[in-house]
Amino acid sequence: MAKKGKKTKRGTPADGTKLIASYKRARRDYDILDTYEAGMVLTGSEVKSLREGNAQISEGYARVRGGEMWIDGVHIPPYTNAIGFGAHDPDRERKLLLHRAEIDKLDLRTAQGGLTIVPLRLYWKEGRAKMELGLAKGRTKGDKRHTLAERDADREIETAFNRAQKYSTQA
């Protein structure tokens, strides 16, 4: 018999955010060294399109240009009711809003080489569109295999430990 309990909405975390899009493969393809939350400069039709839940961030990347942070490769399709003048370019560069110290730190770390800034997820927070960025280092195929092997080994150890605990207390 199933447990009776408090029902919660699926997909709505307790911190008051609502997910629009996420890049789940980023954590597999990259080592995420640090994460940042950034606001976005959007047009009206982009906001309405995001409210419908339309966005694709898997091809996106961020870079510092002229002392400002820009995101490129993020696809926000045009709002269905915005025609002509009100429509936007779905693949345009969008400005990200970060503190000056964060921008300078990211610029310095990516200039050293080997690091990139990838979008991890796009979400609503208190009525504003936010993007979680990750400072990432690319993984090779060998690194990916090693990580998967470690995860499988940890899962097997956990399963064996739980079985041992379960059967040792019933005796």
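Further up the page is the structure itself.
Residues numbered from 1 in each chain as written. Predicted model: local features only at pLDDT ≥ 70, side-chain atom pairs only at ≥ 80, totals over all residues. Heavy atoms only, no water.

Undergrad: If you had to explain the pattern of salt bridges to someone new, which residues and values would you point to?
TA: Overall, the coordinates contain 12 salt bridges when judged by the stated rule. Its salt-bridge partner being lysine 105, residue aspartate 34 comes within 3.9 Å of it at the nearest N-O pair. One end of the pair, aspartate 34, is in strand S2 (residues 30-40); the other, lysine 105, is in helix H3 (residues 100-111), with 71 residues separating them in the sequence. Aspartate 34 sits in the partly exposed class, given a relative accessible area of 25%. (Salt bridge = Lys/Arg side-chain N within 4 Å of Asp/Glu carboxyl O. Helix = DSSP H or I, 4+ residues; strand = E, 2+ residues; numbered from the N terminus. Buried < 20%, exposed > 50% of the residue type's maximum accessible area, 1.4 Å probe, protein only.)

Undergrad: Any details on H3? Residues and values, ideally.
TA: Helix length check: H3, at 12 residues, gives a terminal C-alpha distance of 16 Å against a target of 16 Å (1.5 Å per residue), a fit within 8%. After H3 finishes, the residue glycine 113 shows a positive phi value of roughly 100 degrees. (Expected span 1.5 Å × (residues − 1).)

Undergrad: Tell me about unusual backbone geometry, residues and numbers included.
TA: For glutamate 126, which is not a glycine, the phi torsion comes out positive at approximately 55 degrees. Mapping glutamate 126 onto the fold places it in the loop between strand S6 (115-125) and strand S7 (128-138). Overall, glutamate 126 belongs to the exposed group, its relative accessible area being 71%.

Undergrad: Break down the packing of aromatic side chains for me, citing the residues and quoting the values.
TA: A complete count under the given rule lists 0 aromatic pairs for this structure. Positioned over the ring face of tryptophan 124 is arginine 51, at 4.0 Å from the centre of the ring. Above the face of the tyrosine 123 ring, arginine 121 is positioned so that its terminal group lies 4.2 Å from the ring centre. (Phe/Tyr/Trp six-rings, centres within 6.5 Å; stacked < 30°, edge-to-face > 60°. Lys NZ or Arg CZ within 6 Å of the ring centre and 35° of its normal.)

Undergrad: How would you sum up the pairing of S7? Please name residues and give values.
TA: Taken across its 11 residues, S7 has 8 buried, putting it largely inside the fold. Of the strand pairs in this sheet, S2 and S7 are connected by 9 bridges, and their pairing is antiparallel. Across the sheet, residue tyrosine 30 finds its bridge partner in S7, namely glycine 138. Bridge analysis of S6 against S7 gives 10 bridges, and the strand direction is antiparallel. Bridging across to S7, proline 119 finds its partner in leucine 133. Between S6 and S7, which follow one another and run antiparallel, lie 2 residues, and glutamate 126 among them has a positive phi close to 55 degrees. (Pairing = 2+ DSSP bridges.)

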